[in-house]
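The chain contents come next:
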Amino acid sequence: MAIAEVDPGMCQAMRDADVLHKNAPVSCAQLRVVHFSYLGLDGKVHDDGAVMVMAALADHVQAIFTTLLQRKFALAGAQLMQHYRGDDLAAMRANNTSAFNDRAIINGGAPSLHAYGAAIDINPIQNPFVQFEDAGKVSYSPAAGSAYANRLAMRPGKAARKGMAEEVVDVFAEHGFLIWGGDWDAPIDYQHFQISRTLAKRLAALPVAQAKIVFNDYVKNYRRCAGTKKTAAGLENSRLAKTNTVKAACISAADKP
């Protein structure tokens with residue numbers, strides 16, 4: 001596993017592929033590529049995983065994917081968004097795990113947290129984006145994600161399903177990604193993990209070295225608070241329930257100096 005800077009050649013390739021635009025909220029100098037190994041849905045370990053994230057977050061993102069491999073959490077694949085020419089729908093159809101993509105939020109004009117390199121989407125088919133439309137209609141992106149409308153990994157008489165985000169919400173939270181789209185009411189974005197927009201803007205306004213210190217302090221504050229709350233969450237609760245209880249109690253503490 002390695003963390004690499006974005007060199008001028010890659011930066012230009014991102015522009016050519018419509019992944020980076022003139023008024024992006026971060027520059028190439030503020031981005032890093034995290035290379036990692038992962039357990040595939042085929043049960044084999046692959047060494048070609050890569051996501052691009054804000055430099056201040058890169059060490060923690062590397063730790064996230066190291067932990068996912070250790071936990072034997074399966075990923076379908078992870079290629080940089082240049083491979084899909086910035087087409088988020090194409091990446092989702094391919095079940096691609098990804099991060100940086102200079103685009104607006106879905107159904108909106110503001111930059112997505114992906115445009116900061118401060119959001120990660122994992123296994124979009126197993127963890128679809130769900131929208132609720134008129135007359136009670138529900139749509140899934142990608143469409144194949146409708147097979148995962150039932151979020152139970154274990155179902156009577158059926159094989160266990162791999163790669164569902166609920167299994168690793170705690171891993172992302174432990175490394176500062178406290179917002180999970182699976183907690184949203186409408187739409188629901190099971191694949192999506194991010195830091196807050198306020199924090200992303202703050203980090204983007206700082207030099208890389210200083211931004212890294214700020215984010216590390218943010219994570220330390222959360223972990224310090226979480227350490228005192230985990231026992232109170234109760235051993236009888238599921239891992240996800242305990243994580244959500246801790247996050248609710250500690251998300252504001254993470255921002256304190």
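Here, every reference points to the structure presented above.
A quick note: this is a predicted structure, and the numbers were derived from the prediction, not measured. (Residues numbered from 1 in each chain as written. Predicted model: local features only at pLDDT ≥ 70, side-chain atom pairs only at ≥ 80, totals over all residues. Heavy atoms only, no water.)

Draft legend 1. Highlighting the environment of Ala 76. Mapped onto the secondary structure, Ala 76 falls in the loop between strand S4 (74-75) and helix H3 (88-93). In the structure, Ala 76 is positioned 47 residues away from Asn 123 in sequence and 6.2 Å away in space, judged by C-alpha atoms. Those residues in contact with Ala 76 that sit more than four places away from it in its chain are Tyr 38, Leu 41, Asn 95 and Asn 123. (Helix = DSSP H or I, 4+ residues; strand = E, 2+ residues; numbered from the N terminus. Contact = heavy atoms within 4.5 Å.)

Draft legend 2. Representation of helix H1 (residues 8-16) in the model. One side-chain oxygen of the residue at the start of H1 lies 3.1 Å from the amide nitrogen of Gly 9, identifying that residue as Asp 7. Downstream of H1 by a residue or two, Asp 18 has a phi angle that is positive, lying close to 65 degrees. (Polar contact = N/O pair within 3.5 Å; in protein donor to acceptor, adjacent residues only side chain to side chain.)

Draft legend 3. Here's a closer look at empty space enclosed by the protein. Enumeration according to the criterion identifies 2 cavities of 30 Å³ or more in this entry. Every residue along the wall of the largest cavity is listed here: Val 19, Ala 50, Val 51, Met 52, Gln 79, Leu 80, Met 81, Gln 82, Ser 98, Ala 99 and Phe 100. Along the lines of polarity and charge, the residues of the lining of the largest cavity split into 8 nonpolar, 3 polar and no charged. Here the second largest cavity is characterised by a volume of approximately 30 Å³. Along the walls of the second largest cavity sit Gln 30, Met 54, Ala 55, Ala 56, Leu 203, Leu 206, Val 208 and Ala 211, which together make up its complete lining. (1 Å grid on protein atoms, 1.4 Å probe; cavity = no way out; pocket = protein on both sides within 12 Å on 5 of 7 lines; lining within 4 Å. Points joined across faces, edges and corners; volume = space filled by probe spheres on them. Nonpolar A, V, L, I, M, F, W, Y, C, P; charged D, E, K, R; others polar.)

Geometric descriptors of this kind do not, in isolation, establish any biological role.
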